[in-house]
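Observations on the three-dimensional arrangement
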Amino acid sequence: MATVATATTAASSIGGGSGSQQRTSSAAATNMNMMVTESQLRIDALSQSLHRISSTTTDLTAITDGLTRRARHLDSLTSPASEASAMLTQSAGNLNSTVSLMKDARERFDTVRDCEPAIRRLIVGARDDIAAAAEAAAAAGGGGDKGGNDNATLATFGPAGGTSLTEQDVYAAVDSMEIIRDAYAYFLERK
């Protein structure tokens, strides 16, 4: 504004010429005044925009620093969590293999339990046959063989002496004993 006033004062002091010259000078001064005002407004607007950009940059820098701190904190939390997750995955695998072994062991125990009736029939049948042979020997010859000779007792078995056991009972008991032997070897390996 001071520049416009100086230009107007200089124009009026120079020549005192005609009125049209004064109007031209006055119009030039007004145009100059408008250009200075318009330029000043643009400069002020640019200055305000620069100030806003500067303050926004400062705010964004602070936000970015905060995000960086939070990311580090989150990373410090997720690292142990991912390690724990890996350990849990390994534990789950171990549990699955343990469950598989336990199922296999359970099946073996059930199979051994299924063998009990066949072996029990063999034992009961053998005891009954020995008791029957001892009674037959006592009735036939006066008290049996007191010297502990099992041949006298075993001689009563067979086609002439008869037995309560069938061939199927004996084979079933033998098969059951083989199953028990295999189960014993299985558990002995995993001891």
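Reading the values: rules and limits
- Residues numbered from 1 in each chain as written.
- Predicted model: local features only at pLDDT ≥ 70, side-chain atom pairs only at ≥ 80, totals over all residues.
- Heavy atoms only, no water.
- Salt bridge = Lys/Arg side-chain N within 4 Å of Asp/Glu carboxyl O.
- Helix = DSSP H or I, 4+ residues; strand = E, 2+ residues; numbered from the N terminus.
- Buried < 20%, exposed > 50% of the residue type's maximum accessible area, 1.4 Å probe, protein only.
- Phe/Tyr/Trp six-rings, centres within 6.5 Å; stacked < 30°, edge-to-face > 60°.
- Lys NZ or Arg CZ within 6 Å of the ring centre and 35° of its normal.
- Patch = residues over 30% accessible without salt bridge, like charges linked within 9 Å, V, L, I, M, F, W, Y side chains within 5 Å.
- Areas by Shrake-Rupley, 256 points an atom, 1.4 Å probe, with all protein chains shown as cover.
- Polar contact = N/O pair within 3.5 Å; in protein donor to acceptor, adjacent residues only side chain to side chain.
- Contact = heavy atoms within 4.5 Å.
- pLDDT = per-residue confidence, 0-100.

Regarding the pattern of salt bridges
- For the structure on display, the rule yields seven salt bridges.
- Its salt-bridge partner being R120, residue E116 comes within 2.7 Å of it at the nearest N-O pair. Of this pair, E116 and R120 both sit in helix 2 (residues 19-141), separated by four residues, roughly a single helical turn.
- For E116, a relative accessible area of 42% corresponds to the partly exposed category.
- The partner of E189 in a salt bridge is R190, and the shortest N-O contact between them spans 3.3 Å.
- E189 sits in the exposed class, given a relative accessible area of 63%.
- Residue classification places R190 among the partly exposed residues on the basis of a relative accessible area of 45%.
- Members of the salt-bridge network, linked through shared partners, are R106, D110 and R113.

Quick word on the packing of aromatic side chains
- Scanning the model with the defined rule gives two aromatic pairs in all.
- Taken together, a centroid distance of 5.1 Å and an interplanar angle of 80° make the contact between Y186 and F187 edge-to-face.
- Y186 gets classed as buried once you look at its relative accessible area, which sits at 7%.
- By way of ring pairs, the aromatic residues F109, Y186 and F187 are connected into one cluster.
- Directly above the ring of Y186 sits R108, whose terminal nitrogen or CZ lies 4.2 Å from the centroid.

Digging into a nonpolar patch on the surface
- On the surface, L60, I63 and L67 cluster together into a nonpolar patch covering about 290 Å² of accessible area.
- With respect to the element layout, L67 can be found in helix 2.

Brief notes about the side chain of D169
- Within the element layout of this structure, D169 appears in helix 4 (residues 167-189).
- A polar side-chain atom of D169 sits 3.4 Å from a polar atom in the side chain of R121.
- Setting aside residues up to four positions removed in sequence, D169 forms contacts with R121 and S164.

Regarding the side chain of S176
- Here S176 is to be found in helix 4.
- A relative accessible area of 7% places S176 in the buried class.
- Engagement of the side chain of S176 in a polar contact is seen with the backbone oxygen of A172, the distance being 2.9 Å.
- The residues touching S176, leaving out its near neighbours within four places in the chain, are C115, A118 and I119.

Observations regarding the confidence of the model for the chain
- When pLDDT is averaged along the chain, the result is 79, and 73% of the positions lie at 70 or above.
- Looking over the chain, one finds the lowest element-wise mean pLDDT in helix 1 (residues 2-15), namely 45, and the highest in helix 4, namely 90.
- Below pLDDT 50 for its whole length, residues 1-17 participates in seven contacts with residues either more than four positions away or in separate chains.
- Confidence drops under pLDDT 50 across residues 152-156; counting only partners more than four residues distant or on other chains, this segment forms six contacts.

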